[in-house]
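Each chain is listed here by its residues.
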Amino acid sequence: MSDETLFDAVGGEPAIAEVVDLLYERLLTDPVVGHQFDPARLDSLKAAQRSWFRAALSGEASLPADLAAAHAHLDITDAQVTAVLGHLDGSLRDAGVPARRTRAVTAVVGRLWHARTF
Amino acid sequence: MELVGRDDDLAELGQVLRRPDLVGAFLVGPAGVGKTRLLEGAASRAAEQGFEVVSIVGSHASAELPLWAFARWMSASSAEPSTERLLAVRAALVEQAGGRPLLLAVDDAHLLDDTSALLLGQLARELVAFVVCTVRSGEPVPDPISCLWRQGVAAELVIRPLAREDVDQMAVELLGGPLDDGLVHELWQRSEGNPFFLRELILGSRSSGALTEHDGRWVRSAPLIGSAALVELVRSRIDGLSEAEVAALECVALSEPVGVRVIEEVADPDALVSLEEGGMLDVYSDGNRLTVRLSHPMYGDVVRAGMSKLRARRVRRGLARCITSFGARRQADTLAVASWRLDDAEPDVDLFLRAATEATSCHDVELAERFARSAHVHAPDLRTTHALAMALFLSGQHDDAIAVIDEAGRAGPAGPADDARSRARLDLLAALVLARGVGDYVRADEVLTALLEREPDPVTRIRADAMRAAIDLLRGRPAEALDRAQALLDVGIDVPDVATVIVGSLAATGRPVAALDAATAFVSRHGEPPANQLFDDFRTMALIEAGRSRDHDTVMVEKWEDAVERGDRHLQARVALALGVVAIEHGRLPLARQWLGRSAAMARLTGERYGERWAVGAELLAAAQSQDVEGATALLARLDAVPGHPAYLFEVYGERGRAWLAAITGNPEQARNDLLELADRLLDDHNVAHATHVLCDVARLGAPKVAAGRLRSLGSPIDGDLLPLLHEFVDGLAASDGPGLARAAERFELLGLAGLAAEAANSARDGFARAGLQREAAQWARQTQRLMALSDGVATPLVLLRDIELVAPLTRREREIAVLVAEGRTSREVADACFVSARTVDNHLAKIYDKLGVRSRLELRDALAPMMVSA
């Protein structure tokens, strides 16, 4: 029970691929955040997103970068962060991830976003 | 004040917060090293970055009060059961976070009460909150918290003393101007870089006049105060306070964190103000009230160590009176007030009784026992007897509980509260303890019968009657129980105890679907399931017998995790038993043994003897079905060493295990006879569900015709997917009916019962082979392989049954070629090995494929796999 990472618990690679697909469907059609994503780069965005989730949810100690710093050029507002987390929550649910796991994933992602250098 | 010299620590904490594999961090260091300041610094930065920060504090005064640290998220009037209470606190926190990530800043986590520690661990593990705790080096930390650390899901940051330049900076801030270089060095050496020590040294020396300002620079004009030890230093600072200030400090030390309104009643308000100005008290806002605490726990240690017992008692009594006069606004206040007054000369019995109930609902049975005992010592009436007996029962001290109740009975009415109603309540408890704890059904029945003879109150009568019905059910007489319970339903009072008996007895008499319907109907009538563990147990039993256990696993595992986190051992034992029985049904025998081992261990710890017997008995069955003779023999010895208990309902697993062990140790004949006898006994009492399983065992152990005959003569109605399927399986075995057994295998598989499915598949294989249907036999040999892979550890006679000649009557040449092909050789290689042409090999292969009903080399290999060993 305890050795299982959140990544496994959510359903591993296939589940994450589905969640990422659902997530971008939602993001691209949302007026609050849609303009931040370039549809031409969708495949590479999704690939990056998938590998980020794999790293983040399987508890790899070193993640690529400070999330907020990596997105600094995009001028992201708090409202946009809330919107993305909301879509993530919805995508996880749509992919059939149990509520308890969904909550855990959004909690980790939210924490990683907000935890900048102290 | 600015946080000095902690940039590295903060940066490290930031790193920890970005590690997705961590759920928390511990700031560990000696007293005074600055853990709290660092925690506050980290908390305020986290808040700036969008975290919702919630601060809680462990303290000496609250270390024994369940959930005290989370008191501000609980309502005053809550008498809900504890799970709901924990869930309510969690929900309140999530709501407060409003979508922001939550950071729980816990100061002095080593002083948290156990329930708060439990909740904290749960919140961290479930990623509801990231937890940052300060812990004093060398102090024991409550287990749910230290667990996070040991399991590597929380980081440990050792907080080090300050460097010399940090000491300089801090001193400048405290004194408001630069210091003489020599003085900085002396302060650094004396304080050993401990910020609290440093602060005490500077503030104490300034007030004693040892530090003076000359031309804008601070110098030492007399020796610095105090001795080398920090404790001595603090003591010397306290010695310098006025009498009123010391008294006020003592009040806070015994009650912190405490509301301003309360503390101002018992301590001199002016003294409190001067303590705050002197930096010894902190005033902060906790929820909607102003709260006071010592600004450093070291003050508390020193003050409490210096107080006489009498003085401490007087202060506590004053505090308790004061809170009581305001009315205990928060639920946790009841426990606080009660624990302050435990050694009072004039105790408030009502308060203790309330506190005992509160503590019980927080699963703190030890605290409940202490409160109940205090109440009982001062006022040994029926109410306090009830409270004490309940606490003893819940902590597994069944005989003591009965002794307390008996004593009250002998003494006769003792107090004004001893009315008939209290007497009835106590009798019901006595019957419960006798039945569930002591296992004396005869005496339990006597108590209930006597109660029914004199008691006019309809609800009490129903509860007593329902308990008699439950006892009937547990001792294995479900039909009587059902009659009794249904008669009670007709009276028209819908109580959970009656519904529970109905659900259990319907399931036991072979009508699990009707049982589940009854459970659902009760829940829809009342909007929620009853807070009755037996109800849940019986519903699980019905799910298993109805063949619906497949999807129930996850729910039960979560329930078990929940029971572990709450520390509820009774619940752990029962949920693990159910999970073990389900795993046996699913043919996952090693898993079953794990659960059953856990269940037995928990049942032993709680003193539930029957629970232990059931778990050990079921594990015996699992061990015997996996051919583990040694393990099964040891389990049988253990089963015989656990004293018997008249709760027969689940004893059947042990009886079946005993027979299965006989069967695998060379006495199948005796095993079958014992099982037939057991089935007769079960059927005499209408235990149709159990009897069906037992007769199925007889068939599986080699006497299907006898078993089928008995099953056909049952005559009682049965429902659900499983029990009728067991009938068909046994009929199929009796007739060696290939198609019938194949259907049974498919349906067992659909229900998730892989072990029985494999047995049916292999028997179907055998049936087809006997009928000369080689293709079908080969097909079901493959199915058997597949189903064996779905199960785990199953080694029953029916899956071990193998006969290559019956399965695949190939010619010698065909067998030779089949085996070579199955080993992965090409036709060319086989041709060379057998000195024939490749075309001849292909011709043989076509015949082999036809006989075995396979279409490819891969399928051929699978089909031969079970025979390769014996071939």
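Rules behind the numbers
- Residues numbered from 1 in each chain as written.
- Chains lettered and ligands numbered in written order.
- Predicted model: local features only at pLDDT ≥ 70, side-chain atom pairs only at ≥ 80, totals over all residues.
- Heavy atoms only, no water.
- Helix = DSSP H or I, 4+ residues; strand = E, 2+ residues; numbered from the N terminus.
- Contact = heavy atoms within 4.5 Å.
- Areas by Shrake-Rupley, 256 points an atom, 1.4 Å probe, with all protein chains shown as cover.
- Buried < 20%, exposed > 50% of the residue type's maximum accessible area, 1.4 Å probe, protein only.
- Lys, Arg positive; Asp, Glu negative; His and termini not counted.
- Salt bridge = Lys/Arg side-chain N within 4 Å of Asp/Glu carboxyl O.
- Polar contact = N/O pair within 3.5 Å; in protein donor to acceptor, adjacent residues only side chain to side chain.
- Expected span 1.5 Å × (residues − 1).
- Pairing = 2+ DSSP bridges.
- Axes fitted to C-alpha atoms, helices over the stretch in contact; angles between N-to-C directions.
- 1 Å grid on protein atoms, 1.4 Å probe; cavity = no way out; pocket = protein on both sides within 12 Å on 5 of 7 lines; lining within 4 Å.
- Points joined across faces, edges and corners; volume = space filled by probe spheres on them.
- Nonpolar A, V, L, I, M, F, W, Y, C, P; charged D, E, K, R; others polar.
- Buried area = accessible area lost by both parts, 1.4 Å probe.
- Phe/Tyr/Trp six-rings, centres within 6.5 Å; stacked < 30°, edge-to-face > 60°.
- Arc of directions from axis to C-beta.
- Parallel < 35°, antiparallel > 145°, perpendicular 65-115°, else oblique.
- pLDDT = per-residue confidence, 0-100.
- Core = buried A, V, L, I, M, F, W, Y, C linked by side-chain atoms within 4.5 Å.
- Left-handed = near helix turned anticlockwise from the far one by under 90°.

### Digging into the overall build of chain A
Moving on, step 1. Per the secondary structure count, chain A includes six helices and zero strands.
Moving on, step 2. N-terminal to C-terminal, the α/β element order of chain A is α-α-α-α-α-α.
Moving on, step 3. Taking the contacts inside chain A whose residues are at least 6 apart along the sequence as the reference set, 72% of them involve residues at least 24 apart.
Moving on, step 4. Surface exposure of chain A reaches about 6000 Å², of which carbon and sulfur atoms provide 54%.

### Section: the side chain of B:Asp719
Residue and element names in this part refer to chain B.
Moving on, step 1. As for its placement among the helices and strands, Asp719 is situated in the loop between α35 (704-712) and α36 (722-735).
Moving on, step 2. This buried residue, Asp719, is left without a salt bridge; Arg511 holds the nearest opposite charge, at 6.1 Å.
Moving on, step 3. A distance of 2.9 Å separates a polar atom in the side chain of Asp719 from the backbone nitrogen of Val513.
Moving on, step 4. Reaching out from Asp719, the side chain makes a polar contact with the backbone nitrogen of Ala514 at a distance of 3.1 Å.
Moving on, step 5. When sequence neighbours within four positions are dropped, the list of residues in contact with Asp719 reads Gly510, Arg511, Pro512, Val513, Ala514 and Pro724.

### Re helix α25 (residues 512-526) of chain B
Residue and element names in this part refer to chain B.
Moving on, step 1. With 15 residues, α25 extends 21 Å between its outermost C-alpha atoms, agreeing within 8% with the 21 Å of an ideal straight helix rising 1.5 Å per residue.
Moving on, step 2. Among all positions of α25, only Pro512, Val513, Ala515, Leu516, Ala519 and Phe522 are buried.
Moving on, step 3. Looking at the buried side of α25, the elements it contacts are α24 (496-508), α26 (533-545) and α36.
Moving on, step 4. Two residues or fewer after α25 comes Gly527, characterised by a positive phi angle close to 80°.

### Examining the sheet that holds strand β8 (residues 258-259) of chain B
All names here are of chain B.
Moving on, step 1. Read across the open sheet, the three strands follow the order β8-β10-β9; overall the sheet is antiparallel. A strand with exactly one partner marks an edge of an open sheet, and here the two such strands are β8 and β9 (281-286).
Moving on, step 2. In this sheet, strand β10 (residues 289-294) lies alongside β9 in antiparallel orientation, the contact comprising six bridges. By the bridge assignment for β10, Asp286 is matched with Arg289.
Moving on, step 3. Taken strand by strand, helix α10 (residues 243-255) contacts β8, β9 and β10, and its axis lies near 105° from that of β10.

### Concerning the pairing of strand β2 (residues 52-57) of chain B
Residues and elements named next belong to chain B.
Moving on, step 1. Most of β2 sits inside the fold, with five of its six residues counted as buried.
Moving on, step 2. Pairing of β2 with strand β3 (residues 102-107), which is carried by six bridges, proceeds in the parallel orientation. Bridging across to β3, Val54 finds its partner in Leu104.

### Let's talk about empty space enclosed by the protein
Residues and elements named next belong to chain B.
Moving on, step 1. Counted under the stated rule, the structure contains nine cavities of 30 Å³ or more.
Moving on, step 2. Counting residues per element, the ones that place at least two in the lining of the largest cavity are α26, α27 (553-566), α28 (569-585), α29 (589-606) and α30 (609-625).
Moving on, step 3. At nine residues, α26 tops the list of elements feeding residues into the lining of the largest cavity.
Moving on, step 4. Of the residues in the lining of the largest cavity, the class split is 16 nonpolar, four polar and seven charged.
Moving on, step 5. Estimates place the volume of the second largest cavity at around 180 Å³.
Moving on, step 6. Contributing to the lining of the second largest cavity are 19 residues, with Ile584, Glu585, Gln625, Arg700 and Leu756 lying nearest its centre.
Moving on, step 7. Only α28, α30, α32 (652-664), α34 (688-700) and α38 (754-770) provide two or more residues apiece to the lining of the second largest cavity.
Moving on, step 8. Element by element, the count of residues in the lining of the second largest cavity is highest for α34, at four residues.

### Observations regarding the interface of chain A and chain B
Moving on, step 1. Each partner contributes residues to the interface: chain A has 21 residues there, and chain B has 27 residues.
Moving on, step 2. Both faces combined, the contact of chain A with chain B buries some 2200 Å², and carbon together with sulfur accounts for 60% of it.
Moving on, step 3. Linking chain A to chain B there are one salt bridge.
Moving on, step 4. Between B:Glu126 and A:Arg103 there is a salt bridge, and its shortest N-O distance comes to 3.5 Å.
Moving on, step 5. Counting the contacts that link chain A with chain B gives three residue pairs in polar contact (both at pLDDT 80 or more).
Moving on, step 6. Among the secondary structure elements, those contributing two or more residues to the side of chain A that touches chain B are α3 (42-57) and α6 (99-114) of chain A.
Moving on, step 7. For the side of chain A that touches chain B, the leading source of residues is α6(A), giving nine residues.
Moving on, step 8. Looking at the side of chain A that touches chain B, its residues break down into 12 nonpolar, four polar and five charged.

### A few points about the packing of aromatic side chains
Moving on, step 1. Applying the stated rule across the entire model yields nine aromatic pairs over all chains.
Moving on, step 2. Ring geometry for A:Trp52 and A:Phe53: centres 5.5 Å apart, planes at 75°, overall edge-to-face. In terms of burial, A:Trp52 and A:Phe53 fall into one category: buried.
Moving on, step 3. Relative to B:Tyr299, the ring of B:Phe196 has its centre 5.5 Å away and its plane inclined at 70°; by these criteria the two rings are edge-to-face. Residue B:Phe196 is found in helix α8 (residues 195-207), and its partner B:Tyr299 is found in helix α13 (residues 297-305); the two are separated by 103 residues along the sequence.
Moving on, step 4. Residue B:Tyr299 is classed as buried on the basis of its relative accessible area, which comes to 0%.

### Structural notes on helix α9 (residues 230-239) of chain B
Residues and elements named next belong to chain B.
Moving on, step 1. Leu230, Leu233, Val234, Arg237 and Ile238 are the residues of α9 that are buried. Angularly, the buried residues of α9 cover 135° about the axis, an arc narrow enough to put them on a single face.
Moving on, step 2. Buried residues belonging to α9 abut α8, α10 and α13.

### A short note on the pattern of salt bridges
Residue and element names in this part refer to chain B.
Moving on, step 1. Scanning the model with the defined rule gives 48 salt bridges over all chains in all.
Moving on, step 2. In this structure, Asp697 and Arg656 form a salt bridge, with 2.5 Å as the shortest nitrogen-oxygen distance. Residue Asp697 is found in helix α34, and its partner Arg656 is found in helix α32; the two are separated by 41 residues along the sequence.
Moving on, step 3. You can call Arg656 buried: its relative accessible area is 5%.
Moving on, step 4. By sharing partners, the salt bridges in this structure join Asp465, Asp472, Arg475 and Arg484 into a single network.

### Concerning the packing of α26(B) against α28(B)
All names here are of chain B.
Moving on, step 1. Interhelical geometry of α26 versus α28 gives an angle of 5° and a closest axis separation of 11 Å. Relative to α28, the element α26 is oriented roughly parallel. Seen from α26, the contacting residues are Gln533, Leu534, Asp537, Thr540 and Ile544; seen from α28, they are Leu571, Arg574, Ala578, Val581, Val582 and Glu585.
Moving on, step 2. Its residues assigned to classes, the contact of α26 with α28 comprises six nonpolar, two polar and three charged.

### Remarks on the confidence of the model for chain A
Moving on, step 1. The predicted model of chain A has a mean per-residue pLDDT of 82, with 87% of residues at 70 or higher.
Moving on, step 2. Model confidence for chain A, summarised as mean pLDDT per element, is weakest for helix α4 (residues 67-70) of chain A at 69 and strongest for helix α2 (residues 12-28) of chain A at 92.

### Points about the confidence of the model for chain B
Interpreting fine coordinate detail is not advised for predicted regions of low pLDDT.
Residues and elements named next belong to chain B.
Moving on, step 1. On average, residues of chain B score 84 in pLDDT, and 93% of them are at 70 or above.
Moving on, step 2. In this model, residues 803-807 is a region of pLDDT below 50 whose contacts with residues beyond four sequence positions or in other chains number 13 contacts.
Moving on, step 3. Predicted as a complex, the structure gets a pTM of 0.56 and an ipTM equal to 0.72.

### What about the sheet that holds strand β1 (residues 24-29) of chain B?
Residue and element names in this part refer to chain B.
Moving on, step 1. Read from one edge of the open sheet, five strands run β2-β3-β4-β1-β5, paired in parallel fashion. Only two strands of the sheet have a single partner each, and these edge strands are β2 and β5 (154-158). With direction set aside, neighbouring strand axes in the sheet form an average angle of 20°.
Moving on, step 2. Two elements, β1 and β5, share five bridges in a ladder whose sense is parallel. Within β5, the position partnered with Ala25 by the bridge is Ala155.

### Quick look at the nonpolar core
Moving on, step 1. Formed by 228 residues in total, the largest nonpolar core has its most connected members in B:Leu187, B:Phe371, B:Phe729 and B:Phe748.
Moving on, step 2. Leave out the neighbours within four places in its chain, and B:Leu187 touches B:Val167, B:Ala171, B:Leu179, B:Leu198, B:Leu201, B:Ile202 and B:Leu224.
Moving on, step 3. Counting 66 residues, the second largest nonpolar core, distinct from the first, contains A:Phe7, A:Ile16, B:Met74 and B:Leu120.

### Observations regarding the pairing of strand β7 (residues 217-220) of chain B
Residue and element names in this part refer to chain B.
Moving on, step 1. Bridging between strand β6 (residues 211-214) and β7 involves four bridges; their strand directions are antiparallel. Across the sheet, His214 pairs through a bridge with Arg217, a residue of β7.
Moving on, step 2. Hairpin connection of β6 to β7: two residues between the antiparallel strands, including Asp215 at a positive phi of 50°.

### Quick look at the packing of α36(B) against α38(B)
Residues and elements named next belong to chain B.
Moving on, step 1. Viewed as axis vectors pointing N to C, α36 and α38 meet at an angle of 25°, and their least axial separation amounts to 10 Å. With respect to α38, the axis of α36 lies roughly parallel. In the packing of α36 onto α38, the handedness of the crossing is left-handed. Contacts between α36 and α38 involve Leu726, Phe729 and Leu733 from the first element and Leu756, Glu759, Ala760 and Ser763 from the second.
Moving on, step 2. Split by residue class, the contact of α36 with α38 holds five nonpolar, one polar and one charged.

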